[in-house]
Each structure stands twice: as C-alpha cells, then as structure tokens.
Amino acid sequence: MKKGNKLIAKLLCFALVALTVLGYGSLKAKAEEPDSFTGLKIDITNRDSATGTVYYEFFKDNNESLGEPVEISSSTTISFPAGITKMNIKVVPGTNCQVGYYDVKLDGATVSDASKDDAKSESGNVITVSEPTKEYQVQVEFREDNTPPGENPVENAVTATISLSGDKLNSIERVRVDGRDFQRSADKASATGDVDSTKDSYQIGFCVSFGEALNSVSINGVAQEIPQENEGWYYFTVPKTENQNYTISFTIGASDDVTIVWAYSEQEAQEKFNDPAAFVDHAKVQIVSVTRNGKPVSISYDPDAMSTMVALKKGDDIVVKLIPDYGYQLKSAVINDQQLVPDDNTVSQFSLYNIQGNMHFGGAFKEASDIINDSSNVISDVTIANGNNAASSGNLSLTLTDNVSYTRDVTSVVADATKVGSVDITLDNVVSKGIDGQNWTRNISEFENDITLGVKVDGNNLGANETYSIVRDHNGTLTELNATFNAATGVLSFPTNQFSTYTIIKKQGTPQYNPEPEKKEEKKEEKKVETVVQKEASTKEKAPANIVQLPGGEKAVSSIGGVYNVESVEGVAVVTQKKDVYSAVGLSNEEVKAGTNVVLYMSDCLNKKTNQALNDVAVAANKKVVAYLTADMYTITKKGVISKVRQTGAPVELLIGVPQSARSANRQFSVVCIDPSKNVVTYNDMDTNPNTITVRANVFGNYAVVY
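Reading the values: the criteria
- Residues numbered from 1 in each chain as written.
- Predicted model: local features only at pLDDT ≥ 70, side-chain atom pairs only at ≥ 80, totals over all residues.
- Heavy atoms only, no water.
- Salt bridge = Lys/Arg side-chain N within 4 Å of Asp/Glu carboxyl O.
- Helix = DSSP H or I, 4+ residues; strand = E, 2+ residues; numbered from the N terminus.
- Buried < 20%, exposed > 50% of the residue type's maximum accessible area, 1.4 Å probe, protein only.
- Pairing = 2+ DSSP bridges.
- Contact = heavy atoms within 4.5 Å.

Here we come to the pattern of salt bridges. A complete count under the given rule lists 16 salt bridges for this structure. R292 serves as the salt-bridge partner of D316, at 2.9 Å between the closest nitrogen and oxygen. Linking D316 in the loop between β23 (307–313) and β24 (317–324) with R292 in strand β21 (residues 283–292), this pair joins segments that are 24 residues apart in sequence. Exposure remark for D316: the relative accessible area of 0% places this residue in the buried category. With relative accessibility at 23%, the residue R292 sits in the partly exposed group. Taking the shortest distance from any N to any O, the salt bridge between D580 and K579 comes out at 3.3 Å. In this structure K579 comes out as exposed when scored by relative accessible area, which is 56%.

As a further point, take the sheet that holds strand β22 (residues 295–297). Reading across from one edge, β22-β21-β24-β29-β28 is the order of the 5 strands in this open sheet, with antiparallel pairing throughout. For this open sheet the edge positions go to β22 and β28 (341–342), each flanked by a neighbour on one side alone. As paired strands, β21 and β24 are joined by 8 bridges and run antiparallel to one another. Bridge pairing in β24 links A283 to P324.

A separate point is the pairing of strand β35 (residues 418–435). Pairing between strand β34 (residues 395–402) and β35: 8 bridges, direction antiparallel. Among the inter-strand pairings, S397 is bridged to a residue of β35, identified as D428. Sheet topology note: the β35/strand β42 (residues 501–508) ladder contains 6 bridges and is antiparallel. Across the sheet, residue T418 finds its bridge partner in β42, namely K506.

Every buried residue belonging to helix α4 (residues 266–273) is among E268, A269, Q270 and F273, and all of these are buried. Immediately beyond the C-terminal end of α4, within one or two residues, lies N274, with a positive phi of roughly 55°.

Turning to the environment of N389, a few remarks are in order. Along the chain, the position of N389 falls in the loop between β33 (380–385) and β34. C-alpha separation for the pair N389 and I451, spaced 62 residues apart in sequence, amounts to 6.2 Å. When neighbours within four sequence positions are excluded, N389 is seen to be in contact with F447, N449, D450 and I451.

These figures capture arrangement, not role.
The following block contains the structure:
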C-alpha cells in the first residue's frame, strides 16, 4: 500500500461529527487530553508490494535480556517493562525488498544513535533508553528492491536525465528507470541516474501521489497512451536518445483512489486522519474481503492497531464486520451515505457495493439494554448481571415461560424440599443489523463463565426457617444452583451458564435480610449532591469554549452551534448573525426552511504536519505562533447529508479570546491559514482590545494565531 496520509485529511467525509452535533451519534468532545503514552511505538509502512519484519528486544542495565526478540510485521504499540535501559531493533526486509526509511524518535526528536545500517545488520541496532518514561517511535519503510544510485552500479553505465514539466510537480513522488529509483532535484523538475548504455530502450516509471492520476503524458514530444495504474505507478517504454536526455510533460487529475479509515481513540482519529469522526467507540471493525472487477483483492492491515487506513479503488465491493461491544448495537446501516447490506448468515457482517468515495467508520453505535420476555406467573422482574460472559457483542434476550407440564421430581436432589413451580428459560444473543426491527439472533444454550440472574418470588409463602432455592435441569442433569434469597427485596439470585428448565423450590434455611440502613442511604445521597456541586463549581471556573469574555463583564456567545473544544485560546465565537452565516455558505431560504443547519467543529489542532506547515508560514513572516486551531464548518440537511465548507461567499466574523500568557497591549495579532489552493491567507485583528482578536474569515480549516 503506498503512502498517502498527506492527502487523506482533504479527502475524508466528516459525517459523524455532524451527527454527533445533532444528537444522532455517540461521539462527545472531551475537554481533557488522555495521558501521553510511554513506551515503544513501531510504525511499519509497506510501499508497493514490499514486505518486511521488525524485531525488538528489551534489556536491563546489566545487559540482561527481558525476553526473546519479538517479531512483528505491522504497526504495534508496546509498553516498556520495568527497569529497561536499552532496546535492540533489528529490521529485515522481505524477498526482493529493501529498507527505504528508518528513524527512531524520542517524543518527536530523532535519536542520535539510531542507525539504519545498524538496524539492517545481523545484530541489529542497540539504542540506549535514557528516558523510559517517554515515547520512543520507530518508523520503518519497506519497499521493492529498486536499488538507488551508488549501490550495485549499472553495467555499461551512463548518466541519464529526465526533465519534468507539468501542473503539479510535487504530485510525482518518485521516478524510476528500469526498476531503479532516480534522484530528484530540489525543485522536483528533473531526475538523474545511471542506465545501461547498451540497451535500445528503457522503462520509465512515475509514482503519483495518492488520490491523483496522470491525465496526459508526452515524452520527447510524443503523446503517450496512459497505461493502467498499478499501486500508484505508471510505466512507459521509451527509445534511447543519443544524449540520454528525456523530456516529460504531464497533467494531473483526480484518481479513483478511495480510503476507508477508523481509529479506536479520538486522539488517534485526530492525529492520524485529522478526522475526529473516524473514532469507533464500543465496537471493532474488520475487513473481510475486497472485490475489484469481480476478482478478489488482497488487503493487509493490523486488526489490533489503534488506527487503520485501507486504500481501495472506486467501484470496489467490500465485506466488513462491524462488531459492537456487549451492551451496544449498530444504530444506523448507512455510513457516509453508503448503504450497508447485512449478511443473512453471518452476524455483524455487511457488504458495501460500488464504493464511490472516501469513508470512515465512526461512532454509529448506541448503548442498548438486554431484552426480557417474561410471561411467567412463578417469577417476575428478571435482571441479568455479567451478561458479557454469555455474549461478547450486542445484547441478550431472555424468555421465561411457565412449564406446567414439567413433572420430574427435582426435590430428589435437595432434602426435604417443596416444589413451587417450573419455568423454561431460553437465552438468545441479539445483534442489530442497523435497520429498525432487523436483528441477527442465535440461541445460547450453554457457555463457560456464569451470568447471574435475579428474579422476584413471593416471600410471603415461606414458612419459618425456610428459604428459596432453584434446581436446573439441563439435558437431563439436575443441579441445585448456588442461589441466595433476599427476603428484604424478594429477589432470588443465582449463577448459571446453561439454559433449559428451572424449578423454584422451598427448603430449610435462613433467607438473607440486608436492606441498606436509612442513614447510610442519606450519607450516600449527601455525598452525591456534594460531588455534583463540586463538579458545577469546577465547571464555572472556565467558560465554555464557545463563549468569549468581553470588557465590562459582557460575553459573546457563538451564534453557530457545534463542537467547541479549545484550550489553547480563551474561547472562540462566531459573532456574525446566524442568518447571515447561512447566507454566506450559500444556503437558500428553501434549504433553511427544510431544516438544513450550519455547524462548526472548533478544536485545538493536534496534527503535527499541519502545525509545522503553519509554523513555517509564521516564521517566514517573522511571526510567533500562539495557538493552532482547527475550524471546520459543515452544512447538514435534515436527512443527515453532510457538506464541508472550505470557503464562504461572504466573510464570517470570528472572535477569539487571547490566552492569558500572550496578552500585551503592544502586540498586533493575526490569524493565518492555507486556502484550498494552498495560498497563504492572513486575517489581521480588527479590534483594539488586547484580550480579543476579531477577524473576518472566508476560509475555514486549520488556523495559526500569531503576533
């Protein structure tokens, strides 16, 4: 799979962010950041069809190994064992593959003793772990063995030069001739390398950025037929020229590349894909198969990775599993406007036909309760505890019916017992197909670990020194279960992992009687109230992120709803009236009347590459960055159709609260961003208040607040 993360943020659809804003999703913005990970992260990228293996081994300060070397072939996160002072990283490329890139970083800074040559050696690269409480990240790229210049010299070598001209030079990521990578110039306008002078022709290949394709190509003035793209590469056979110079002109257009992404934490979704809506909560995603033009396509990914991107083509058919955790169900059978077709025979399996755009699997899962179907006159008010022991996904459905024809003498297993009544209890696992009223249902007759059932029985029927118990008849075997009866609540509780016929009995014994004391309940309630008051007080310490404090105690509240989760500035508010914002994004009166809304997703930007690009812009203008922000605007129809707004027809006025640490009467603030055409746009502060910044913006996306 070729690398394409730099374009993914521009291609992803953010449908579930909006669904969350409208109350249709489970995604919630969180004010606090999760604790930073400490340990080792190994990121493996396989370019083209390359394969490879990374081995890691940990050592104590006495060079004692903490275990045998561990072999991995996909991205992995490992927590450091206690006492680690060194680690060994060994990188082994697969057959006809090579290591294209190797780097080790400590919290983002390259580790000086991390050597690519050492990592490829037989003994591997030993790295001193000077700070075991921080994150070490190993990045390895494997690619096909296209030997670069300087290694294994070409026979009868002569230098060839390829001159490139086109509308997007940066879109040509690599150039190779006869399977060898050529060295690109700094301006990307040429590539040089050695070729065999005795050959009459050469095969020239171009690797195009993900999401783009060659529209036209001319070589030495001759128009070429565009060959079929192969994992981002296009190959052309070119006759040898006398001077070994080759002039290539091209145009770039959109390709049929599409992606499916998901992450199991909000932070991973933001950092890896710049898409918080790609956060899958309370569920797991599995790719079962991919079909392209009627033929199966091999897809490789790590099912246990915290974030995953799968590259596909428009028109592909894909089979996936969306597996909710126990107690959760798929809410909607539509992802990014793509209808999921449930499999009749395989639980949680869906098909997506003729994919036409980038997709993410997000938080379309809702909490759901177990189902109790009770028609019994013997017991009532059934509860289930530890239900995940019976089913790892979805919910349980418990059905109770009186079995008046059950005549077996179960009192034979309990001395001096009296039969009260028998019930048949059946248990099913229910998983929603994401369509109202449609479920996968499978019967569960037995399983390994117990669940606990609680049922109400009439305690008034007990005599002196009597209690209730229960006998299970499963496949002819009678077993008295370890039941307890609480006379205060009338609840008979018992563990079980087999479902057939149950008989309530009375026997000699003493019921439990343990209602909670009144005073204890009062103290519990007082503590609860105290906690709520403290929570409210702590909330008041910091204003909501969609409010900006104004002079004189007044406050500006954003006119546009959405998710506001900024901590690097003192709030952000849209001060343009809502109706004018709707007009600025191009909504007609009819669309507004039909229920179309405008929402804003405002957060601190966590994408390191984006922030670096904005910082470079600021440094070039001799400015200092105060904060990095993500300001994404969307329109949402009543049916949930989402459209991202990158530019508005008229400016929208934003008010930003300057963080306390950056306030100064002498500072001139501004906001810089990069528009869809990659031009730098600067919005200067229009107000005179040193505590606020007012800008009129018509470009939305990633911002840097600078002075």
